[in-house]
Amino acid sequence: MKKVYLVADNIISPIGFSTEENIENLRLNQTGIKKVDDDYIWSEPFFGAVVNNDKLSKAWESISSDLGYTKLEKMMLLSVSKMIVENPSLDIVKCGIVVSTTKGNINNLKGGLDKKAYLSSISETIQNYFKLDHTPIVLSNACISGGLALAVGKRMIQSELFEDVVVIGGDLLSEFTLSGFFSFQAVSNEPCKPFCKNRTGISLGEAAASAWLSSKKDTTKKEIIEITGDASANDANHISGPSRTGEGLYISIAKALKEAGLDSTQVDYITAHGTATPFNDEMEAIAFNRAGLQNVPLNSLKGYYGHTLGASALIESIVARHCLINNEVFTSLGFEELGVSQSINVITKNEKKELNRVLKTASGFGGCNVALIIEKVAS
Amino acid sequence: MIKEKYYISGFCSIKEKKVFKNGNQLYVDSESDNLKDFAKGIYKYLELKYPKFHKMDELCKLGFLASEVLIKDMKEVDQDTALVLSNKSSSLDTDRKHQESIQDREDFYPSPAVFVYTLPNIIMGEISIKNKLKSENAFFVTESFDAEFVSRYSEILINTGKASNVICGWVDLDNDKYDVFLAFLSKKGKIELTKEELNNLYNQ
Amino acid sequence: MAELREELKEKLIEQLSLEDVEVSEIGDNDPLFGDGLGLDSIDALELIVLLEKDYGIKLKDPKEGKAIFESISVMADYISKHRTK
């Protein structure tokens, strides 16, 4: 079976328009979440992480003068364009492309622009912009989309459909999703506090990101990072409530570890989902304990980015790649005191730390879960 | 890569007020003039007793009913059976309903029971709950049914031991127009799995 | 009050898509969650919307819902005391 390497990436988020800028701000514990006062999104101020429109327009002007794109499309195209500039050997035209998004341009429904609301319109936009040989496949699998898209990319390479796959993820902070999460009583009235006793819910965010998966490891000058295990499993329990036993997440972790040929003692760091809703974080703690991972240092990056839906697990995997390269972990922002029933080891300060293997997990509506093992390849 | 042979051991479709299983017409309803009643008719025909069905949105009902037809005569479905579904319109049918509920700021009552269905992968959640499938799920959105991608992706799931069988297909609903096709892929069967064969069965 | 209770039963069946349930089958004091009508967490959230939309009652803390939605009787009592429309 072919090996699959994570060789390059980019993140466009409220805390940076390049991966380096994002990592630097994570290191400074800078959050993108702030009080948003934007009547287009919500009638009252709320806490969320939005990409500044002026900053985006300016960055967009540097690559194109065409203004006929939506905000999300600009973010996605900018992300891929930046990755191409930084990686001249990436021949995007020949790559397989997976687009990860939960709602795409759904905010266009508000103005009656039905056509843009079809997720395939994003696929078409990306194909036309980069003049791609192959039509991008859109994956829409709730909050695990970004992580599952990496698994899908890995599987596409392993089934010999492609040598190289680019995964592009993105979602907007829209009235559409915010109103839904409010109706679920799931939005925090302060910046979210994953795994904390005082957590009351999520903060939403928006971002786009891209990652290049390749079967060839010589495409990168940086330390070589491989995705050695991936698995997804459904809870088969409830369409919105997380499983009380962490069933699907536990199965995903066990299967991903098995594929990677590892046991739980060999995991150095967990970059968890940690949405900061009472039930989600509790479920994760239970699953990690069942998997024997309760002592592994863990954080959630939702305190920095908010929940960016289809982008979140992709961004968190990209950050994991750089944590492996730089041998460092970041504090789990928003966390004060453990607020789950089973013990887990939440990271409370930035640390330099020898890292070899990272576990990335995500869980979402529909009872879906995903686990990825991201490893440093011994040179 | 060593390629094992896989088979299409069953298939079904729901289109134009008819339900087909393995190519044979199973149910027809020329009376009902809306999707809700049509779906309820199939539910009754299958003699299902599953109150959760009535809470589903129409897209989920279609996918759920097709899965029930597909596995009707099987003794049990292995817990490791993966679901690989796709469509063109994602959950837009319900997205429009949610949008309607928030269109007017003076009359702003988003419904949690509607919002939860604004994700297409919920269909797979519903099928998983009913059949206790604790396996792989993936929902893809493509312009039309991509038999090549769906069959290759399903093959790799079985080939790598990530799933024992796969229920794959197309579950689309847009402005009352629906098109549903599911196939059961496994290591046993009479019809060998190829993209051409999967496409032929979809187009039947 | 009996009228409000009947009205609530009808609304529950309609809003929560309880197709196989008849108004006459819901007892005034039957538990709505758990073993009773078998409602779940989404139904509870939907009832919070119903309180606000139809009776102008906005719960300060959604956790209050648990006690209010115990049975049709309890719900009717609460609504008659707090309704603004």
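These notes cover the structure that comes with them.

Basis of the calculations
Residues numbered from 1 in each chain as written. Chains lettered and ligands numbered in written order. Predicted model: local features only at pLDDT ≥ 70, side-chain atom pairs only at ≥ 80, totals over all residues. Heavy atoms only, no water. Helix = DSSP H or I, 4+ residues; strand = E, 2+ residues; numbered from the N terminus. Buried < 20%, exposed > 50% of the residue type's maximum accessible area, 1.4 Å probe, protein only. Salt bridge = Lys/Arg side-chain N within 4 Å of Asp/Glu carboxyl O. Polar contact = N/O pair within 3.5 Å; in protein donor to acceptor, adjacent residues only side chain to side chain. Contact = heavy atoms within 4.5 Å. Buried area = accessible area lost by both parts, 1.4 Å probe. Nonpolar A, V, L, I, M, F, W, Y, C, P; charged D, E, K, R; others polar. Pairing = 2+ DSSP bridges.

Remarks on unusual backbone geometry
Residues and elements named next belong to chain B. Within the chain, Glu 47 stands out as a residue other than glycine whose phi angle is a positive 55 degrees. Note on placement: Glu 47 falls in the loop between helix 1 (35–45) and helix 2 (58–70). Since its relative accessible area comes to 67%, Glu 47 is described here as exposed. One non-glycine residue, Lys 132, lies in positive phi territory at about 55 degrees. Within the element layout of this structure, Lys 132 appears in the loop between helix 5 (122–131) and strand 5 (137–141).

Some words on the pattern of salt bridges
All chains considered together, the criterion is met by 48 salt bridges over all chains. A salt bridge links Asp43(C) to Lys55(B); the shortest N-O distance between them is 2.7 Å. Residue Asp43(C) is found in helix 2 (residues 41–55), and its partner Lys55(B) is found in the loop between helix 1 and helix 2; the two belong to separate chains. For Asp43(C), a relative accessible area of 5% gives the class buried. Lys55(B) gets classed as partly exposed once you look at its relative accessible area, which sits at 27%.

Examining the side chain of Thr219(A)
Residues and elements named next belong to chain A. Tracing the sequence through the fold places Thr 219 in the loop between strand 8 (207–214) and strand 9 (225–234). Here Lys 216 takes part through its backbone oxygen, which lies 2.8 Å from a polar atom of the side chain of Thr 219. Not counting chain neighbours up to four residues away, the residues in contact with Thr 219 comprise Val 7, Ser 89, Trp 212 and Ser 214.

Focus: the interface of chain A and chain B
Contacts between chain A and chain B engage 57 residues on the former and 54 residues on the latter. Taking both sides of the interface into account, the surface hidden between chain A and chain B amounts to around 4,500 Å²; carbon and sulfur atoms contribute 60%. Remark: the boundary between chain A and chain B carries nine salt bridges. Between the two partners, chain A and chain B, sit 27 residue pairs in polar contact (both at pLDDT 80 or more). Looking at the side of chain A that touches chain B element by element, the count peaks at seven residues for helix 7 (residues 175–183) of chain A. Considering only residue class, the side of chain A that touches chain B consists of 27 nonpolar, 17 polar and 13 charged. As paired strands, strand 5 (residues 137–139) of chain A and strand 5 of chain B are joined by two bridges and run antiparallel to one another.

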